Amino acid sequence: MLLFYVRHGDPIYNPDSLTPLGHLQADAVAKRLARYGIDEIYASSSNRARLTAKPTCDILGKEATILDWCNEGHAWLQLTEMDSGGNREWCFAKQKYIEAFCSNEVKALGENWHTHPAFEGTTLGEGIERIKRETYAFLKELGFEYDETKGMYKSSKQGNKRIALFAHQGFGLAFLSAVSLIPYPSFSTRFDMTHTGVTVINFPEKDGYVMPKILTLANDSHIYNEGLPTKYNGSIYF
C-alpha cells in the first residue's frame, strides 16, 4: 500500500476556506495524484481540507470519506498552549518545548515522553495518545494492525492500494509520527510540511509484517510543474 498524506492548500483560516492560490495548488496536486491513480480518498472534516480534496475527487470520479478525527480543530485544543498575550501557539513551535523535546531525559522516556515534568499540566500527552489510537484504528481498517510487542504492523490484507488523506500540518505531524512509529518529540521538531505538500509512505510487507517507509515528505513537485510559486508555506524559496 502507498499512503499519500496531503496538507491542505494555502488557507483562509477564518472563515475556513482556501485562497485563490490554494485552489490552484489543489488543482495541481489533483493532476499529480490522477497520473498514477488513487483507490480511496479521505479528508478531514474541515472545509479547507475538503476543498483541497475536491479536484482530486472530481478528476478520479470518487467521493471522499470524511474523517472528523483528523480535523485540526481537535488537535489545536490539545497540542497548543496559550501565551501571556492570550494567543495560542503549537507546542512544537514554542522554544521551551523544543528544548524539552530534544533533551536526553525526554528521549530516554521513549513512548512515555509525555510523563516528563516539563509537560505537567498540559494536554500534549492526551492529544498525542488520542491521535495514535485513531491512527492505529484507521490503519487497521486498511489492513495493518499495530503489534506493540514487535513495534511493527501486522498485515492482514494483500494488495497494492493507493490511499490519499487530505488534512493538516499540526495534526499531520502527530499523525505521521504515529504512522511511522517515530516518537512525536523527534518527529515534530525535525520535520514540517508545506501547502499541498505530498508525503508518500510505503507499506512493504515481509513475512506478514510491515515497517512503513517514508519515500518523500511534503514534496511540492506538482507546484513547480504547474508554474506556481514554490515558496514554502509562503515564506522560503528553495
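Refer to the structure printed above.
Everything quoted here is computed from the prediction, not taken from an experiment. (Residues numbered from 1 in each chain as written. Predicted model: local features only at pLDDT ≥ 70, side-chain atom pairs only at ≥ 80, totals over all residues. Heavy atoms only, no water.)

Asker: Can you help me understand the packing of aromatic side chains in this one?
Answerer: We describe a pair of aromatic rings using the distance from one ring centre to the other and the angle between the two ring planes. Per the stated rule, a full pass over the model turns up 21 aromatic pairs. Ring plane angle 20 degrees and centroid distance 6.0 Å describe the contact between Tyr97 and Phe119, whose orientation is recorded as stacked. Here Tyr97, found in helix 4 (residues 95-102), pairs with Phe119, found in the loop between helix 5 (104-108) and helix 6 (124-141); they are 22 residues apart in sequence, far enough to count as distant. The exposure class assigned to Tyr97 is buried, which follows from its relative accessible area of 3%. Exposure remark for Phe119: the relative accessible area of 3% places this residue in the buried category. (Phe/Tyr/Trp six-rings, centres within 6.5 Å; stacked < 30°, edge-to-face > 60°. Helix = DSSP H or I, 4+ residues; strand = E, 2+ residues; numbered from the N terminus. Buried < 20%, exposed > 50% of the residue type's maximum accessible area, 1.4 Å probe, protein only.)

Asker: Got a minute to help me understand the pattern of salt bridges in this structure?
Answerer: Where charged atoms from two side chains of opposite charge approach closely, those side chains can pair. Per the counting criterion, the structure on display carries nine salt bridges. Among the salt bridges present, the one from Arg48 reaches Asp16, with a minimum N-O distance of 2.9 Å. Here Arg48 is found in helix 2 (residues 47-60), whereas its partner Asp16 is found in the loop between strand 2 (11-12) and strand 3 (17-18), with 32 residues between them in sequence. Across the pair Lys31 and Glu226 runs a salt bridge, and its minimum N-O distance is 3.1 Å. Of this pair, Lys31 sits in helix 1 (residues 20-36) while Glu226 is found in the loop between helix 9 (221-225) and strand 15 (231-232), placing the two residues 195 residues apart along the sequence. Accessibility expressed as a relative area gives 33% for Glu226, which makes it partly exposed. A network of salt bridges, in which partner residues are shared, links Glu111, Glu129 and Lys132. (Salt bridge = Lys/Arg side-chain N within 4 Å of Asp/Glu carboxyl O.)

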